[in-house]
Each structure stands twice: as C-alpha cells, then as structure tokens.
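# Reading the structure
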Amino acid sequence: MSLLSTAHGTFSTIFSNFFVPLPYPNTSFENQTIIVTGSNTGLGFEASRHLVRLGVRKLIMGVRNREKGEKAKREILNSTDRKDDCIEVWDLDMDSYDSVKKFAARATASLDRLDGLLANAGMMTTEFRKSEDNERTITVNVVSTFLLCLLLVPKLHESAEKFQINPRIVIPNSALHYMAPTKELDPSNGEIFARLNNADTADMSGRYPVSKLLVLYGVRELAQKLKSRKPLVIVNTPNPSFCKSGLIGQELSFGERVFERVLARSTEMGARALVHGLSSGVESHGEYLTNCHVQK
C-alpha cells in the first residue's frame with residue numbers, strides 16, 4: 001500500500017481510539033436467531049453478551065473448544081439473567097472445511113430462521129503453517145469465512161422471504177488493511193494463492209493485513225451478487241479498531257503491550273462495532289464501517 005494509505009490507517013486508528021467512543025448498543029434483537037463464530041473469547045464473546053442482553057431469541061455460539069464455549073455461555077447467562085435455552089454452543093473449527101460444511105448443514109436443517117451471521121472467528125500470526133490447502137491465516141480469515149457465508153446464504157434468503165426481514169452477514173475488518181503489502185496480490189506476478197501459499201516467499205509480517213484486504217474485496221463482490229434478490233441480505237465489514245481482543249495471543253513484545261495498554265479500545269467497546277454491523281441498514285451493504293459509520 002502507499003504511504004498515504006498507511007498514514008490514513010494509522011491516523012484514523014489513533015484518532016478513533018482516543019476521541020471517538022462508540023455508541024452503546026440498544027437495538028432490540030427480540031425474536032431473532034444469530035450465529036456468532038469465535039464467540040467464547042474476545043470481541044465475539046462481548047458481542048454475544050450484547051446480543052443476549054438485547055433479547056436475541058436464539059444465539060448460536062460457534063466454537064472450536066466446546067468446554068470453553070460452555071463456560072462462556074454460563075458467564076453470559078449469569079451476567080444477563082437470561083434462561084439457558086437462549087444460547088446453544090455448536091462445534092466449529094475454521095481450520096477445517098469439513099467442520100464448516102457440517103456446521104452450515106446443521107444450521108440449515110435445524111434452525112427455523114436465521115437473522116444474522118457474525119463471522120467473527122479469525123487469527124493473527126507471523127508463523128507460516130498450512131491448513132487445508134492454504135496458509136492458515138488465509139484459510140481461517142478468508143476461505144473458511146466466505147465458505148461459511150456462502151453456505152448459509154440460502155438459509156438467509158429463506159428467512160428473508162418467509163419473515164420479510166433483511167438478514168445480515170457481518171465480517172469484522174481492520175484498519176490494518178490500509179497497510180497491506182499488495183505485491184503478493186498483483187495478478188501480473190502469477191496465481192495469487194500460489195504466492196500466498198509459498199513458504200519461501202510468503203510475507204507473514206503483512207499476512208493479517210492482506211487477509212483483511214481480501215475480506216474487503218470479498219464483501220464487495222458478495223454484496224454485488226446479493227443485491228438483485230429482495231428482501232436484501234445485507235453484508236458489511238465493520239472495523240472495531242485496535243482492541244484488547246486476545247487476537248494476537250502471547251506474541252506481543254513488552255513495547256507492544258505498553259502500546260496496547262495506552263491506545264487499545266476495551267474488548268467491550270470494540271464489540272459495539274460488530275453489534276452495530278448486525279443492526280445496520282441497507283446503506284451498509286457492501287461497505288467498510290468505521291466508528292459505526294460507512295467509511296468510503
């Protein structure tokens with residue numbers, strides 16, 4: 001990316017985190033069924049807590065670790081005073097295409113309606129490791145994410161027509177996409193995925209930003225394909241900004257931890273952006289959102 005793009009991403013993050021508190025979610029989700037992936041920790045957990053607090057009829061928590069998922073469920077129920085049957089914990093491993101397919105098949109067959117998918121599960125690493133047929137960051141953040149979305153589109157269309165609603169697909173993004181190194185994405189250099197999956201040449205320092213840039217491109221393309229059918233299934237990609245989310249895990253240096261403490265939004269604050277994406281109107285279709293607004 002250009003220096004101007006990098007500067008914009010950096011400045012917008014600093015300005016947002018210091019000066020722009022996100023609105024506290026107050027939109028009712030009564031009678032709705034929402035899927036949240038990666039929901040036992042970080043932004044997915046706090047977004048799930050908001051949804052339960054806001055009256056969601058059924059929350060499906062898609063998690064890789066069932067024990068941790070059940071623990072997160074109990075914590076959410078205890079903090080919202082809701083009954084046990086409003087949350088179900090389902091197995092979902094975004095490292096496995098088979099797991100994604102099974103999860104989507106279960107949702108399609110067993111849910112009477114689907115109002116929204118918050119495809120929150122993601123990862124950040126500088127270690128090259130393949131998962132399925134791609135480098136793991138690309139598998140989890142891009143391929144499996146869009147595989148899940150596409151497999152659930154028929155159920156979302158069915159719900160839209162049956163209940164005359166606008167279901168939402170929300171895929172979190174990041175201002176780091178402004179800083180993504182685009183050399184590996186240049187089609188003049190050959191097949192894109194072949195370069196992304198080459199352990200000898202892969203730029204893993206920029207891999208997470210690249211994955212979020214690909215998400216942005218994917219959301220725009222999916223939005224184009226969905227817009228001809230009414231009622232519209234809305235897809236958007238909100239940026240929660242730099243947050244204490246557990247995404248990076250233990251890879252932070254001491255300096256980075258100090259930087260996180262000074263600048264990062266709280267996990268709950270960042271989750272507000274994701275919940276906003278689930279309640280946004282048609283103006284958000286195909287768009288990147290920052291501070292709960294469309295960012296052109």
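Cut-offs and rules
Residues numbered from 1 in each chain as written. Predicted model: local features only at pLDDT ≥ 70, side-chain atom pairs only at ≥ 80, totals over all residues. Heavy atoms only, no water. UniProt positions renumbered as here; feature names shortened; annotations may be inferred. Helix = DSSP H or I, 4+ residues; strand = E, 2+ residues; numbered from the N terminus. Polar contact = N/O pair within 3.5 Å; in protein donor to acceptor, adjacent residues only side chain to side chain. Contact = heavy atoms within 4.5 Å. Core = buried A, V, L, I, M, F, W, Y, C linked by side-chain atoms within 4.5 Å. Buried < 20%, exposed > 50% of the residue type's maximum accessible area, 1.4 Å probe, protein only. Expected span 1.5 Å × (residues − 1). Patch = residues over 30% accessible without salt bridge, like charges linked within 9 Å, V, L, I, M, F, W, Y side chains within 5 Å. Areas by Shrake-Rupley, 256 points an atom, 1.4 Å probe, with all protein chains shown as cover. Salt bridge = Lys/Arg side-chain N within 4 Å of Asp/Glu carboxyl O.

- If you look the chain up in an unreviewed UniProt entry, it shows as Short-chain dehydrogenase, putative from Byssochlamys spectabilis.
- Taken from UniProt, the Sequence similarities (unreviewed entry) comment for the chain reads in full: "Belongs to the short-chain dehydrogenases/reductases (SDR) family."

### Examining the side chain of H285
- Along the chain, H285 turns up in the loop between α9 (267-279) and β9 (288-290).
- One polar contact links the side chain of H285 to the main-chain amide nitrogen of V235, over a distance of 3.2 Å.
- Excluding its chain neighbours within four sequence positions, the residues that come into contact with H285 are A223, L226, K227, L232, V233, I234 and V235.

### A look at the nonpolar core
- In terms of nonpolar packing, the biggest core is built from 39 residues, with I35, L117, L148, L152, I169 and I171 touching the most fellow members.
- Residue assignment for this core shows that the elements contributing at least two residues are α4 (97-110), α5 (136-163) and α7 (207-226).
- L148 has contacts with T37, L92, V100, F103, A104 and L117, leaving out every residue within four places of it along the chain.
- L43, L51, L59 and M61 belong to the second-largest nonpolar core, a separate cluster that totals 26 residues.

### Some words on helix α2 (residues 42-53)
- Taking 1.5 Å of rise per residue, 12 residues should cover 16 Å, and α2 covers 17 Å from first to last C-alpha, within 8% of that figure.
- Of all 12 residues that make up α2, 10 are buried, and the element is covered over most of its length.
- G42, L43, G44, F45, E46, A47, S48, H50, L51 and V52 are the residues of α2 that are buried.
- Elements in contact with the buried residues of α2: β1 (33-37), β2 (58-63), α3 (66-80), β3 (87-91), β4 (116-118) and α9.
- After α2 finishes, the residue G55 shows a positive phi value of roughly 95 degrees.

### Topic: the environment of R106
- Structurally, R106 can be placed in helix α4.
- Taking the C-alpha atoms as reference points, R106 and W90, separated by 16 residues in sequence, lie 9.4 Å from one another.
- Setting aside anything within four residues of it in sequence, one finds R106 in contact with W90 and L111.

### Regarding a nonpolar patch on the surface
- Where nonpolar side chains cluster on the molecular surface, the patch consists of F11, I14, F15, F18, F19 and V262 and spans about 650 Å² of accessible area.
- For the nonpolar patch, the element with the most residues is helix α1 (residues 3-19), which contributes five residues.
- Examined against the element boundaries, F15 turns out to sit in helix α1.
- Exposure remark for F15: the relative accessible area of 40% places this residue in the partly exposed category.

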